[in-house]
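# Notes for the structure review
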Amino acid sequence: MQSITIRRPDDWHLHLRDGAMLEGVIADTSRTFARAIIMPNLVPPVVTTTDAKAYRERILKALPLGHRFQPLMTLYLTEHTSPDDVEEGARSGLITAVKLYPAGATTNSHGGVRDMEKAMPVLERMAEIGLPLCVHGEVTTPDVDIFDREAVFIDTVLDPLRKRLPELKVTMEHVTTADGIDYIKAAKSNLAGSITTHHLIINRNAILVGGIRPHYYCLPVAKRENHRLALRTAAVSGDARFFLGTDSAPHVDPLKECACGCAGIYTSINTMSCLAHVFEQEGALDRLEAFASLNGPAWYGLPPNEERITLSRQAEPVVFPARIETGAGPVTVFDPMFPLHWQVMQRAQAF
Ligand code: DOR
Ligand code: ZN
């Protein structure tokens with residue numbers, strides 16, 4: 001197959017940051033994607049509906065002229081979040097989901113939730129009104145090995161929560177393990193999972209073999225090869241419970257390339273090329289549209305996009321910049337470590 005036309009994709013998990021970084025990265029998403037769920041882990045985080053409204057306006061202002069892109073806003077769940085504020089945000093259409101960061105799990109998560117009990121009033125309200133909870137599914141207990149944090153989270157936090165509040169709609173974000181995939185597949189309802197581009201491509205060797213490679217470090221950290229294969233099988237299966245959430249997370253190079261580097265991989269610019277490569281390798285190009293453009297909107301109760309994009313296979317490798325320059329500094333682009341041949345062409349339908 002030399003070319004494939006699919007509905008315009010969405011990104012169901014994206015970090016756009018703020019200020020000069022936001023301005024430097026937004027076009028890499030809005031050029032290709034119609035909508036994205038915007039992560040609220042700014043400094044300070046997006047905690048209230050008022051914060052989310054202001055952040056949404058800053059995002060729209062940073063959009064290049066002519067790009068049509070809809071940011072879907074989330075609230076950062078804290079132990080003090082007001083159920084009424086969440087409900088108001090949801091009912092007004094501003095808030096698409098609430099994000100749970102266990103405190104200390106990742107970048108800017110120190111204001112997250114330590115004691116789930118304290119978040120129960122908000123979670124109960126969300127279950128009542130049908131607002132989804134997006135979950136960073138890792139425990140932070142120091143005695144749990146970092147490679148086991150997702151599996152332990154499922155057993156000790158997520159499963160008890162879902163048993164207690166079966167009506168709560170939960171998105172397990174950036175699933176990285178076979179355990180996560182199995183858990184989602186076993187659920188009867190109200191559970192889905194997003195999968196990143198990079199976790200379909202790298203395993204933990206990418207970070208550690210031949211030297212420490214900070215640009216492959218993210219959280220949840222990439223796992224063993226068997227987990228990567230389980231993610232690939234789920235992503236290409238067409239199963240409606242799995243969809244794309246890139247978790248593209250820009251950090252300037254000096255903050256990645258240092259003694260205590262930040263977690264995050266920047267994939268916005270080459271995600272669709274990488275995904276077409278993966279789906280082609282798996283003999284599943286016909287299911288790329290389900291993963292990138294159909295399953296996500298169905299889960300969030302939104303219509304799929306009407307516009308289409310065409311990806312075309314080039315004989316010569318498609319070259320992406322090794323890093324992009326932003327007003328905040330340089331950001332290294334994810335290198336899949338194989339040549340990419342698929343390119344997003346001019347959109348089939350203008351917008
Ligand atoms: O790798 C990551 N980077 N994982 C996260 O959960 C947060 C993100 C970020 O904000 O940089
Ligand atoms: Zn993230």
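Right above here is the structure, for reference.
The sections below set out a description of the structure shown in this document. (Residues numbered from 1 in each chain as written. Chains lettered and ligands numbered in written order. Predicted model: local features only at pLDDT ≥ 70, side-chain atom pairs only at ≥ 80, totals over all residues. Heavy atoms only, no water.)

Before going further, it helps to examine a negative patch on the surface. Taken together, the side chains of Asp-145, Asp-148, Asp-155, Asp-179 and Asp-182 define an acidic patch exposed on the protein surface. Owing to a relative accessible area of 47%, Asp-182 belongs among the partly exposed residues under this scheme. (Patch = residues over 30% accessible without salt bridge, like charges linked within 9 Å, V, L, I, M, F, W, Y side chains within 5 Å. Areas by Shrake-Rupley, 256 points an atom, 1.4 Å probe, with all protein chains shown as cover. Salt bridge = Lys/Arg side-chain N within 4 Å of Asp/Glu carboxyl O. Lys, Arg positive; Asp, Glu negative; His and termini not counted. Charge placed at Lys NZ, Arg CZ, Asp CG, Glu CD. Buried < 20%, exposed > 50% of the residue type's maximum accessible area, 1.4 Å probe, protein only.)

Here we come to empty space enclosed by the protein. Throughout the structure, instances matching the rule amount to 2 cavities of 30 Å³ or more. Of the volumes computed, that of the largest cavity is approximately 120 Å³. Looking at the lining of the largest cavity residue by residue, the classes come out as 6 nonpolar, 10 polar and 3 charged. Taken together, His-215, Ala-249, Pro-250, His-251, Lys-256, Gly-264, Ile-265, Tyr-266, Val-331 and Thr-332 make up the full set of residues lining the second largest cavity. The class makeup of the residues in the lining of the second largest cavity is 5 nonpolar, 4 polar and 1 charged. (1 Å grid on protein atoms, 1.4 Å probe; cavity = no way out; pocket = protein on both sides within 12 Å on 5 of 7 lines; lining within 4 Å. Points joined across faces, edges and corners; volume = space filled by probe spheres on them. Nonpolar A, V, L, I, M, F, W, Y, C, P; charged D, E, K, R; others polar.)

Remark: the centre distance and the inter-plane angle together describe each pair of aromatic rings, the angle taken between the planes. In this structure the tally under the stated criterion is 5 aromatic pairs. Note on Tyr-76 and Tyr-101: the rings are 5.4 Å apart at their centroids and 40 degrees apart in plane angle, and the pair reads as tilted. Highlighted residues: Tyr-76 in strand β4 (residues 70-76) and Tyr-101 in the loop between β5 (95-100) and α4 (116-129), separated in sequence by 25 residues. Like Tyr-76, the residue Tyr-101 is buried in the burial classification. Between Phe-243 and Tyr-300, the aromatic rings sit 6.2 Å apart at their centres with planes inclined by 70 degrees, giving edge-to-face as the arrangement. Here Tyr-300 lies in helix α11 (residues 288-300) and Phe-243 lies in strand β9 (residues 242-244), a separation of 57 residues in the sequence. Residue Phe-243 is classed as buried on the basis of its relative accessible area, which comes to 0%. Here Tyr-300 falls in the buried class, since its relative accessible area comes to 10%. Here the aromatic residues Trp-12, Phe-243 and Tyr-300 are joined through ring pairs into a cluster of three or more. Directly above the aromatic system of Trp-299 lies the positively charged group of Lys-169, at a separation of 4.5 Å from the ring centroid. For the cation-ring pair, Arg-204 lies above Phe-147, with the distance from its terminal atom to the ring centre recorded as 4.5 Å. (Phe/Tyr/Trp six-rings, centres within 6.5 Å; stacked < 30°, edge-to-face > 60°. Helix = DSSP H or I, 4+ residues; strand = E, 2+ residues; numbered from the N terminus. Lys NZ or Arg CZ within 6 Å of the ring centre and 35° of its normal.)

Time to look at the site of ligand 1. Close to ligand 1 lie 13 residues; Arg-17, Asn-41, Thr-106, Leu-219 and His-251 are nearest. Between Asn-41 and ligand 1, the recorded distance is 2.8 Å, taken from a side-chain N or O atom to an oxygen atom. Contact with the protein chains covers 100% of the free accessible surface of ligand 1, which is 290 Å². Because more than half of its atoms lie within 2 Å of the grid, ligand 1 is assigned to the largest cavity. (Near = heavy atom within 4 Å. Polar contact = N/O pair within 3.5 Å; in protein donor to acceptor, adjacent residues only side chain to side chain. Sits in = over half its atoms within 2 Å of the grid points.)

So, about helix α10 (residues 271-281). When you tally the buried positions in α10, you get 9 out of 11 residues, the bulk of the element. Residues Thr-271, Met-272, Ser-273, Cys-274, Leu-275, Ala-276, His-277, Val-278 and Phe-279 constitute the buried set of α10. Packed against the buried residues of α10 are β1 (3-7), α8 (225-236), β9, α11, β10 (308-313) and β13 (342-344). Backbone geometry just downstream of α10 places Gly-283 in the positive-phi region, at approximately 65 degrees. (Contact = heavy atoms within 4.5 Å.)

This brings us to the coordination of the zinc ion (ligand 2). Protein-derived ligands of the zinc ion (ligand 2) are His-13 (NE2), His-15 (NE2) and Asp-247 (OD), with the metal-ligand distances lying across 2.1 Å. Spacing between the donor residues of the zinc ion (ligand 2) along the chain follows H-x1-H-x231-D. Of this pair, His-15 sits in the loop between β2 (11-14) and α1 (19-30) while Asp-247 sits in the loop between β9 and α9 (253-256); the two residues are 232 residues apart in sequence, bridging distant segments of the chain. Owing to a relative accessible area of 7%, His-15 belongs among the buried residues under this scheme. (Donors = N, O, S within 2.8 Å, 3.2 Å for Na, K, Ca; no water.)

With that out of the way, let us pick up the sheet that holds β5. One open sheet accounts for 8 strands, arranged β2-β3-β4-β5-β6-β7-β8-β9; its pairing is parallel. What marks the edges here is a single partner per strand, and that holds for β2 and β9. In this sheet, neighbouring strand axes are inclined to one another by 30 degrees on average, regardless of whether the strands run parallel or antiparallel. Contacting β3 (35-38), β4 and β5, helix α2 (residues 49-62) runs over the sheet at an angle of about 150 degrees to β4. (Pairing = 2+ DSSP bridges. Axes fitted to C-alpha atoms, helices over the stretch in contact; angles between N-to-C directions.)

What follows concerns the nonpolar core. Ranked by internal contacts, the top residues of the largest apolar core, which has 95 residues, are Leu-16, Leu-123, Leu-133 and Phe-279. Apart from the residues lying within four places of it in its own chain, the contact partners of Phe-279 are Ala-235, Val-236, Ala-284, Leu-285, Arg-287, Leu-288 and Phe-291. Residues Trp-12, Leu-72, Phe-243 and Trp-299 belong to the second largest nonpolar core, which totals 12 residues. (Core = buried A, V, L, I, M, F, W, Y, C linked by side-chain atoms within 4.5 Å.)

A word on unusual backbone geometry. If a residue is not glycine, its phi is most likely negative; likewise, a peptide bond is most likely trans. That bond from Val-43 to Pro-44 is cis: its omega, -10 degrees, falls within 30 degrees of zero. For the peptide bond that leads from Leu-219 to Pro-220, omega is -5 degrees, which places it in the cis range. Its place among the elements puts Pro-220 in the loop between α7 (205-208) and α8. Phi angles above zero are rare outside glycine, and His-174 is one such case at about 35 degrees. Within the secondary structure, His-174 is located in the loop between β7 (170-172) and α6 (178-186). In the Ramachandran plot, Asp-247 falls in the positive-phi region, its phi being about 55 degrees despite a non-glycine side chain.

Since there are 3.6 residues in each turn of an α-helix, residues three or four apart along the chain are aligned in direction. Given a rise of 1.5 Å per residue, 14 residues ought to cover 20 Å, and the 19 Å separating the end C-alpha atoms of α4 matches this to within 8%. At Val-122, α4 shows its maximal bend, which comes to roughly 35 degrees. Among the residues of α4, those classed as buried are Ala-119, Met-120, Val-122, Leu-123, Arg-125, Met-126 and Ala-127. Where α4 is buried, its residues touch α3 (83-91), β5, β6 (133-135) and α5 (149-164). Here α4 starts with a cap whose side-chain oxygen sits 3.0 Å from the backbone nitrogen of Glu-117, and that cap is Asp-115. Gly-130 sits one or two residues past α4 and shows a positive phi near 80 degrees. (Expected span 1.5 Å × (residues − 1). Bend = angle between axes of the 7 residues up to and from the residue.)

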